[in-house]
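# Structure at a glance
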Amino acid sequence: MPGPVFDAGAFLGGLLRLQLGNLNALAEAQRSAIEGLTALGRQPPRLPDLAMPISSDPRSIVTAPVESLKAAILEGTAQANAMLEITARANAEATGILQERALAALDEWKALLLAATRGG
Amino acid sequence: MRRLLAALLLLALPAAAEAPLGRHGADPRQVSVSGLSSGAFMAAQLHIAHSTGIMGVGLVAGGLYGCAVDSLGPDGTLRSLAALATGPCMAVPARLRPVAAYAGLVRRLAEAGRIDPPAALAGARVYAFTGDGDQVVNGETVRRAVALYQGLGVPETAITLRQGSLPAGHPGHGWITTDFGGVCAAHAPPFLNDCDFDLAGALLQALYGPLSPPVPAREAGLRRFDQREFAPGGATRRHGLGEVGILYVPEGCEAAATSCRLHVALHGCRQTLAQIGEDFIRHSGLNRWAEANRILVLYPQASVVTTADFNPPRLTDAFNTNPRGCWNWWGYAYDSRYLTKDGVQLSALWAMVQRVTGESNR
């Protein structure tokens with residue numbers, strides 16, 4: 001009875017498909033990262049307004065700068081939060097694509113090895 | 001042996017579910033919606049997406065359509081940010097966009113057939129409320145929501161904007177009541193603020209015109225229903241929906257009640273059945289007006305979503321949670337279509353409306 005034969009062609013073909021899958025995932029991760037950068041670039045670069053309103057009311061003269069500063073801090077924080085979220089989401093999406101592909105590639109590699117073991 | 005088998009069979013059955021939502025034949029031309037905070041944002045979403053089927057909206061402390069949208073891509077993908085929801089939409093009005101930007105988003109979505117044409121809004125009625133003591137959602141967001149409706153063609157005469165203080169004080173963040181809940185200026189659960197003001201009556205009359213004075217609600221009118229049939233695959237929690245909703249059925253609106261109206265009332269964040277029990281449902285004041293005026297009141301329920309609700313886990317899960325049980329107005333639970341008719345929660349709410357009006361075969 002002839003023993004099992006290792007099919008080198010099928011193994012290499014499988015390996016090639018696996019690598020192709022890896023490259024596709026890399027391209028998709030890059031696309032996701034670029035989308036994130038584009039979204040960041042779209043964020044309005046407006047700096048918080050620190051203009052002090054002119055008033056003759058002595059109370060207002062005292063409180064207006066404080067209120068203006070508070071508003072500027074909140075506005076800056078809101079802008080920073082949006083930019084941080086865009087960056088973090090883009091990072092997570094790109095890393096997620098690569099991680100998903102890495103898990104799939106391990107399964108594919110396992111299947112290739114099993115097939116080769118059965119064959120050879 | 002037979003008893004043992006019967007006992008095992010009983011154990012294998014799922015826990016007793018609530019009854020399905022009833023079909024009541026309510027008048028489909030008299031459907032309105034309102035909500036508090038995240039419920040207000042969702043009310044605007046439901047109204048603008050289904051403007052041909054909803055005649056009026058009540059916005060309490062929220063409600064600017066598309067407020068959390070960062071961009072609408074050329075492929076139609078909506079990208080929204082939680083940071084826009086918590087930043088410009090709630091606390092930093094200086095960073096809100098001009099009304100024209102939100103109107104442009106509505107028009108683009110309508111042109112793509114993803115929401116109803118805004119022309120249908122010309123016949124709509126709008127009531128909006130913001131208290132001058134609200135430190136959670138800035139009043140400017142509510143004013144801009146009103147301006148958006150004006151920009152989309154709702155006549156000024158059909159809009160009521162109540163803002164500022166009330167004789168009882170400076171309203172905080174909550175549904176305003178005549179005699180129930182925390183102090184008027186409160187920002188805490190149950191988010192029902194006792195300001196000696198009948199918000200339910202003001203809102204319903206702005207939408208439906210003069211109504212008969214309220215009467216006590218009936219205990220038998222409260223019907224719990226199973227929301228699972230309205231979630232994809234019955235997976236309510238994964239999509240931020242509660243398992244159980246409540247419908248208030250006034251006397252005379254049991255079945256084939258074509259002269260009855262339907263009002264959808266959407267709770268705010270941290271205000272679900274699981275979080276505050278039936279406080280919002282029993283004490284908003286809506287049921288009393290509903291009983292006197294043959295208005296069915298639908299109280300759908302949202303739910304908390306945590307990273308544990310996503311399987312398999314992904315690195316982006318943290319951006320898709322809903323820790324406070326809010327309605328989806330920033331695209332959580334991986335629902336980038338949340339603003340449109342295809343949005344998971346919006347589809348569920350619309351299916352509930354169609355069930356109660358008898359407009360759907362489901």
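Up top you'll find the structure we're talking about.
I will try to describe carefully the structure that is included in this document. (Residues numbered from 1 in each chain as written. Chains lettered and ligands numbered in written order. Predicted model: local features only at pLDDT ≥ 70, side-chain atom pairs only at ≥ 80, totals over all residues. Heavy atoms only, no water.)

### Here's the deal with the overall build of chain B
Rules: Helix and strand assignments come from DSSP, with helices taken as H or I runs of at least 4 residues and strands as E runs of at least 2, each series counted from the N terminus. Radius of gyration means the value over C-alpha atoms here, while the globule rule gives 2.2 Å times the residue count to the 0.38 power. Residue contacts are defined here by distance: any two heavy atoms, one from each residue, within 4.5 Å place the two residues in contact. Note on areas: Shrake-Rupley, 1.4 Å probe, and residue coverage restricted to the protein chains presented here. For the charge count, each Lys or Arg is scored as positive and each Asp or Glu as negative, with His and the chain ends excluded. Every charge is mapped onto a representative atom, which is NZ of Lys, CZ of Arg, CG of Asp or CD of Glu.
Per the secondary structure count, chain B includes ten helices and 13 strands. Against the compact-globule benchmark of 21 Å for 362 residues, chain B has a radius of gyration of 20 Å, which places it among compact chains. Along the three orthogonal principal directions, the C-alpha set of chain B runs to about 70 × 50 × 40 Å. When contacts within chain B are restricted to residue pairs at least 6 apart in sequence, long-range pairs at least 24 apart make up 70% of them. Summing over all exposed atoms, chain B offers an accessible surface of approximately 14,000 Å²; the carbon and sulfur share of this is 55%. Positive and negative charge centroids in chain B, built from 31 and 28 side chains respectively, lie 5 Å apart.

### Side note on a nonpolar patch on the surface
Applied cut-off: A patch consists of residues exposed above 30% relative accessible area that lack any salt bridge, with like charges linked at up to 9 Å and nonpolar side chains (Val, Leu, Ile, Met, Phe, Trp, Tyr) linked at up to 5 Å. Put simply, a salt bridge is a Lys or Arg side-chain nitrogen that is within 4 Å of an Asp or Glu carboxyl oxygen.
A contiguous nonpolar surface patch, about 370 Å² in accessible area, is contributed by L20, L23, L26 and L98 of chain A. Relative to the helices and strands, L20 of chain A resides in helix α1 (residues 8–42).

### Description of the nonpolar core
Residue and element names in this part refer to chain B. The following threshold applies: Nonpolar cores are built from buried Ala, Val, Leu, Ile, Met, Phe, Trp, Tyr and Cys residues. Side-chain atoms within 4.5 Å join them into one set. Partly exposed describes any residue whose relative accessible area lies between the buried limit of under 20% and the exposed limit of over 50%, with all areas from a 1.4 Å probe on protein chains only and scaled to the type maximum.
Grouped together as the largest cluster of nonpolar side chains are 84 residues, with contacts concentrated most on I48, L59, Y65, Y149 and L296. Non-local contacts of L59, meaning those with residues more than four positions away in its chain, are made with G35, A40, A43, A44, Y127, A128, F129, A145 and Y149. Judged by nonpolar contacts, the second largest core, of 37 residues, contains Y208, I276, A290 and Y299.

### Focus: the pairing of strand β6 (residues 159–164) of chain B
Residues and elements named next belong to chain B. Which entries qualify depends on this criterion: Only when DSSP finds a minimum of two bridges between them are two strands counted as paired. Look down the strands so they point away from you; if the path from the first strand over the helix to the second goes clockwise, the crossover is right-handed.
Relative to β6, strand β5 (residues 125–131) runs parallel, the two sharing six bridges. Within β6, the position partnered with T130 by the bridge is Q163. One crossover worth recording links β5 to the parallel β6 by way of helix α5 (residues 139–151), and it is right-handed.

### Description of the state of the cysteines
Residue and element names in this part refer to chain B. Our working rule: Throughout, a disulfide means two cysteine sulfur atoms within 2.5 Å of one another.
For the structure shown, the criterion picks out four disulfides over all chains. The disulfide bridge from C253 ends at C260, spanning 2.0 Å between sulfur atoms. In this structure the cystine formed by C253 and C260 twists about its S-S bond by roughly -90°; its chirality is therefore left-handed. What pairs with C269 in a disulfide is C326, and their sulfur atoms sit 2.1 Å apart. Taking the sign of the torsion about the S-S bond as the criterion, the disulfide between C269 and C326, at about 120°, is right-handed. Of this pair, C269 sits in the loop between β12 (261–266) and α7 (273–276) while C326 sits in the loop between β13 (295–299) and α10 (344–357); the two residues are 57 residues apart in sequence, bridging distant segments of the chain. An identical accessibility class is assigned to C269 and C326; each is buried.

### Re the interface of chain A and chain B
Quick reminder of the rule: The residue classification treats Ala, Val, Leu, Ile, Met, Phe, Trp, Tyr, Cys and Pro as nonpolar and Asp, Glu, Lys and Arg as charged. All others, Gly included, are polar.
With 21 residues of chain A at the contact, the number on the chain B side is 15 residues. The tally of links from chain A across to chain B stands at two salt bridges. Two residues, R79 of chain B and E35 of chain A, come together in a salt bridge whose shortest N-O distance is 3.3 Å. Counting only elements with at least two residues in the side of chain A that touches chain B, the list comes to α1 and α2 (58–119) of chain A. Among the elements that take part in the side of chain A that touches chain B, α2 of chain A stands out by supplying 15 residues, more than any other. Looking at side-chain class alone, the side of chain A that touches chain B contains eight nonpolar, six polar and seven charged residues.

### Details of the packing of helix α2 (residues 38–49) of chain B against α10 of chain B
Residues and elements named next belong to chain B. Selection rule: Axis definition: a line fitted to C-alpha atoms, over the contacting stretch in the case of helices. Angles run 0 to 180 degrees between N-to-C directions. To sort the angles, those under 35 degrees are grouped as roughly parallel, those over 145 as roughly antiparallel, those from 65 to 115 as roughly perpendicular, and the leftovers as oblique.
Two numbers describe how α2 lies on α10: the axes approach to 10 Å, and their chain directions differ by 70°. Looking at the two axes, α2 sits roughly perpendicular to α10. Across from M42, Q45, L46 and A49 in α2, the residues of α10 making contact are Q345, L346, L349 and W350. Grouping the constituent residues of the contact of α2 with α10 by class yields six nonpolar, two polar and no charged.

### Describing the sheet that holds strand β9 (residues 192–194) of chain B
All names here are of chain B. Taken in spatial order, the three strands line up as β7-β9-β8 in an open sheet, and their pairing is parallel. Each having just a single partner strand, β7 (175–177) and β8 (182–183) make up the two edges of the open sheet. For β7 and β9, the ladder comprises three bridges, and the chain directions are parallel. In the strand pairing of β9, W175 is matched with L192.

### A few points about the pattern of salt bridges
A full pass over the atoms with the stated rule returns 21 salt bridges over all chains. Of the charged contacts, one joins R101 of chain A and E108 of chain A as a salt bridge, the two residues approaching to 2.9 Å between their closest N and O atoms. Close ionic contact of R143 of chain B with E140 of chain B constitutes a salt bridge, the shortest N to O distance being 3.3 Å. Taken together, the residues span about one helical turn, with R143 of chain B and E140 of chain B both in helix α5 at a distance of three residues. Three or more residues are tied together by salt bridges with common partners; here these are E18, E219, R224, E278 and R282 of chain B.

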